[in-house]
Amino acid sequence: MSVEVFSTEKNLTEMKTKTLLLVLASFCVDVVYSQNWPQAAGPTGGWSVRTDEAVPTSFNVVENENILWKKELDESGQSGIAVWEDRIFLSVLKPYEDKGERSNKVSDIKALCIDASTGDTIWEYEIEGSLSSFYMYGFSDPSSPAPITDGENVWFTNAAGKLVCLDWNGELVWERQWRSATEVYKPEKPFPFNKQFEPFMVGDTLVHMEAYDSADGSRVQGWHYLYGLDKLTGNCLLYT
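For the structure given in this document, a descriptive report is provided here. (Residues numbered from 1 in each chain as written. Predicted model: local features only at pLDDT ≥ 70, side-chain atom pairs only at ≥ 80, totals over all residues. Heavy atoms only, no water.)

1. With respect to the overall build of the protein chain
Argument step 1. If you tally the helices and strands in the protein chain, you get two helices and 18 strands.
Argument step 2. Burial statistics for the protein chain: of 240 residues in total, 49% are counted as buried.
Argument step 3. When contacts within the protein chain are restricted to residue pairs at least 6 apart in sequence, those whose partners lie at least 24 apart make up 50%.
Argument step 4. With an accessible surface of roughly 12,100 Å², the protein chain has 47% of that area assigned to carbon and sulfur atoms. (Helix = DSSP H or I, 4+ residues; strand = E, 2+ residues; numbered from the N terminus. Buried < 20%, exposed > 50% of the residue type's maximum accessible area, 1.4 Å probe, protein only. Contact = heavy atoms within 4.5 Å. Areas by Shrake-Rupley, 256 points an atom, 1.4 Å probe, with all protein chains shown as cover.)

2. Here we look at the pattern of salt bridges
Argument step 1. Within the structure shown, the criterion is met by nine salt bridges.
Argument step 2. Three or more residues are tied together by salt bridges with common partners; here these are Asp 74, Lys 110 and Glu 124. (Salt bridge = Lys/Arg side-chain N within 4 Å of Asp/Glu carboxyl O.)

3. Considering the sheet that holds strand S18 (residues 236-239)
Argument step 1. Strand order in the open sheet formed by four strands is S15-S16-S17-S18, and the pairing between neighbours is antiparallel. The sheet is open, and its two borders are formed by strand S15 (200-202) and S18, each paired with just one other strand. Sheet twist, expressed as the average angle between the axes of neighbouring strands with direction ignored, equals 35 degrees.
Argument step 2. Sheet analysis places strand S16 (residues 205-211) next to strand S17 (residues 224-230), joined by seven bridges and oriented antiparallel. Residue pairing in the sheet places Ala 211 in a bridge with His 224 of S17. (Pairing = 2+ DSSP bridges. Axes fitted to C-alpha atoms, helices over the stretch in contact; angles between N-to-C directions.)

4. Digging into the side chain of Lys 231
Argument step 1. Checked against the element boundaries, Lys 231 lands in the loop between S17 and S18.
Argument step 2. The class for Lys 231 is buried, based on a relative accessible area of 11%.
Argument step 3. Within the local environment of Lys 231, its side chain forms a polar contact with the side chain of Asp 150, the two groups lying 2.9 Å apart.
Argument step 4. Not counting chain neighbours up to four residues away, the residues in contact with Lys 231 comprise Asp 150, Trp 155, Cys 165, Trp 174, Met 201, Gly 203 and Asp 204. (Polar contact = N/O pair within 3.5 Å; in protein donor to acceptor, adjacent residues only side chain to side chain.)

5. Quick notes on the pairing of strand S14 (residues 172-177)
Argument step 1. Sheet topology places strand S13 (residues 162-167) next to S14; five bridges connect them, and they run antiparallel. In the strand pairing of S14, Leu 166 is matched with Leu 172.
Argument step 2. The hairpin formed by S13 and S14 contains four residues between the paired strands, and Gly 170 there has a positive phi angle of roughly 80 degrees.

6. Structural notes on the sheet that holds strand S12 (residues 153-158)
Argument step 1. Read from one edge of the open sheet, four strands run S11-S12-S13-S14, paired in antiparallel fashion. Edge positions in the sheet fall to strand S11 (148-149) and S14, since each of these pairs with one other strand and no more.
Argument step 2. Here S11 pairs with S12 via two bridges, running antiparallel. Counted as the bridge partner of Thr 149 is Val 154 from S12.

7. Some points on unusual backbone geometry
Argument step 1. The phi dihedral of Trp 47 falls on the positive side, at around 60 degrees, and the residue is not glycine.
Argument step 2. Of note, Trp 47 is situated in the loop between helix H1 (29-34) and strand S4 (67-72).
Argument step 3. You can call Trp 47 exposed: its relative accessible area is 58%.
Argument step 4. If you check the backbone angles, Asn 66 has positive phi at about 60 degrees while not being a glycine.
Argument step 5. With respect to the secondary-structure elements, Asn 66 resides in the loop between H1 and S4.

8. Digging into the side chain of Lys 71
Argument step 1. The residue Lys 71 is located in strand S4 in this model.
Argument step 2. Within polar-contact distance, the side chain of Lys 71 engages the backbone oxygen of Gly 119 at 3.0 Å.
Argument step 3. Among the polar contacts made by the side chain of Lys 71, one reaches the side chain of Thr 121 at a distance of 2.9 Å.

9. Looking at the environment of Ala 111
Argument step 1. Here Ala 111 is to be found in strand S8 (residues 109-115).
Argument step 2. What Ala 111 contacts, discounting residues up to four positions off in sequence, is Leu 90, Ser 91, Trp 123, Glu 124, Tyr 125, Ile 127, Phe 156 and Leu 166.

Take a look at the structure:
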């Protein structure tokens, strides 16, 4: 997997990811710094960005046309991207280790913080998952949810069962684990939750989706609900 960052006279952002090739399109530095891309839905939560600046319409990786830098990543992944000023956040699958076993499954991911100007890795953090899925999984994989940042902390979701909050230096602030729906109601054949959601931030509340894991009658056990979490502690404020 590789990362490519495109440049024009001024640099910025608009991002798309692919399973094997991750492309970061950069438009203009002024736009990036005034409109960070803190979560999947973009700077305004509307899945779009507006600018009066000229944007590039031509790229050529082979001939290095409008290419600022390229970076090989350790493994593939389906993560979205978050950008805050000079930092890019994304996740990839934990690199495959051939242990002589007939298994090509993975449950862990690596959270990455990359310098947007140089492509250098600033820090990385491994996030364990509880359930495995195949590399190059056709539906989604543990790395698929996009990270979220507010310029002070970064939140990464491993879709195989863990949500973490990291500080600006990549140190753990808190973590939260949950069981997938199939672990709750079909434990004999569990599998990871496919990507049918994107975590998002509203004010100081992180909105997350998890399977309800209590047989208390207040909710349907094993069904998915939206959880509102305190972004600084991970404590559940509400669910619906």
